[in-house]
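Coordinate inspection notes
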Amino acid sequence: MRKIPVYYYSSSSNLTGRFAEALARIDGRRVLNLARSDVRRSEPSGPWVLLTPSYKAGNADEVTLPAGVRAFLRSPMTRRRMVGIIGSGNRNFGDYYQAAARQLAQASRRPVLFEFELSGTREDVARCADILARLDEALDDVRNAG
Ligand SMILES: Cc1cc2nc3c(=O)[nH]c(=O)nc-3n(C[C@H](O)[C@H](O)[C@H](O)COP(=O)(O)O)c2cc1C
């Protein structure tokens, strides 16, 4: 069965990256790092999932979606093919917890598939892998029906 790829952004602290690598190890899913310019310039050829941290800067209306993710989402085709969002955050940010994933979900009308803090726990990785495996199956059904 085709496994939906996960495009992720991670800053130099690499907490989100560690989660993404753990996801890839669990079942061989492809994970692609949007901190790389070649990945940012590419377009997914089919459905894909975004994994993003939130980054709140100074003032209240500041966007929390990392610039690398915003750049990748500039392509209308890429936006259309995004089927869901996974968020990495930190509850210390209170009302802004997972702001990037949640705001993008609202704007794009795609679901937040899973949320975790920092680089997640082993249980988080396993739960997220499970959710993605169910999504793979659902997309496979759609493909077979068409
Ligand atoms: C400057 C800064 C701002 C942050 N803002 C938020 C925020 O608004 N909401 C949130 O849930 N987490 C916030 N976080 C936490 C990060 O999203 C979280 O630590 C994430 O795992 C970082 O991933 P990365 O190391 O891959 O970049 C912030 C962290 C930093 C350092």
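Relevant structure appears above.
Okay, so let's go over this structure. Because the structure is a prediction, the values reported are computed rather than measured. Each chain has its residues counted from 1, running along the sequence as written. Only residues with pLDDT of 70 or above have their local features reported here, since the model is predicted, and side-chain atom pairs are shown and tallied only from 80 upward, although totals for entire chains, interfaces and linings are computed over all residues. Excluded from the side-chain calculation are hydrogens and water; included are all heavy atoms of the structure.

**Topic: the environment of L139**
The way it works is that DSSP assigns letters per residue, a run of H or I at least four long becomes a helix, a run of E at least two long becomes a strand, and they are numbered from the N terminus. Within the secondary structure, L139 is located in helix α6 (residues 122-145). For the pair L139 and E123, spaced 16 residues apart in sequence, the C-alpha to C-alpha distance is 24 Å. Any two residues whose heavy atoms approach within 4.5 Å at even a single point are treated as in contact. With sequence-adjacent residues up to four places away left out, L139 is seen in contact with I4 and P47.

**A closer look at helix α1 (residues 15-27)**
An α-helical turn contains 3.6 residues, so any two residues separated by three or four positions project in the same direction. Note on classification: 1.4 Å probe, protein chains only; a residue is buried when its accessible area is under 20% of the maximum for its type, exposed when over 50%, partly exposed between these limits. For α1, the full list of buried residues reads T16, G17, F19, A20, A22, L23 and A24. In this structure, the buried residues of α1 make contact with β1 (6-8), β2 (31-33), β3 (48-53), β4 (82-89), β5 (112-117) and α6. A positive backbone phi angle near 75° is found at G28, which sits one or two residues after α1.

**What about the site of the ligand?**
Here a residue counts as near a molecule or strand whenever at least one of its heavy atoms sits within 4 Å of it. Around the ligand, the structure places 18 residues, and the nearest of them are S10, S11, S13, Y55 and S88. Residues adjacent in sequence count toward polar contacts only when both atoms are side-chain atoms; beyond that, a polar contact is any pair of N or O atoms within 3.5 Å, and within protein one must be able to donate a hydrogen and the other to accept it. Within the contact set of the ligand, an oxygen atom lies 2.8 Å away from a side-chain nitrogen or oxygen of T16. S54 is positioned with one of its backbone polar atoms (N or O) 2.8 Å from an oxygen atom of the ligand. Points on a 1 Å grid, built from protein atoms alone, make a cavity when a 1.4 Å probe fits but cannot get out and make a pocket when they are open with protein on both sides within 12 Å along at least 5 of 7 lines; residues with an atom within 4 Å of a point are the lining residues. Just a note on the criterion: a molecule sits in a pocket or cavity if more than half of its atoms are within 2 Å of the grid points. Put simply, the ligand lies in the largest pocket. Those elements that place two or more of their residues in the shell around the ligand are α1 and β4. Amino acid classes used here: Ala, Val, Leu, Ile, Met, Phe, Trp, Tyr, Cys and Pro are nonpolar; Asp, Glu, Lys and Arg are charged; the rest, including Gly, are polar. Taken together, the residues of the shell around the ligand break down into seven nonpolar, 10 polar and one charged.

**A word on the sheet that holds β3**
Spatial ordering of the open sheet is given by β2-β1-β3-β4-β5, a layout of five strands whose pairing is parallel. Pairing within the sheet leaves two strands with one partner each, and these edge strands are β2 and β5. Averaged over neighbouring strand pairs, the angle between their axes works out to 20° when direction is ignored. In the packing of α1 onto the sheet, contacts are made with β1, β2, β3, β4 and β5, and the angle to β3 comes to roughly 145°. Being paired, for any two strands, means DSSP has found at least two bridges between them. Whenever a helix is involved, its axis is fitted only over the stretch in contact; in every case the axis is a line through C-alpha atoms, and angles between N-to-C directions fall within 0 to 180 degrees.

**Focus on the layout of surface pockets**
Grid points are joined across faces, edges and corners, and a volume is the space filled by probe spheres set on the points. Roughly 270 Å³ of volume is contained in the largest pocket. In terms of lining residues, the largest pocket is bounded by 18 residues, among which P53, S54, Y55, G89 and N90 are the most central. Breaking the lining of the largest pocket down by element, the ones donating at least two residues are α1 and β4. Residues of the lining of the largest pocket, tallied by class, amount to seven nonpolar, 10 polar and one charged.

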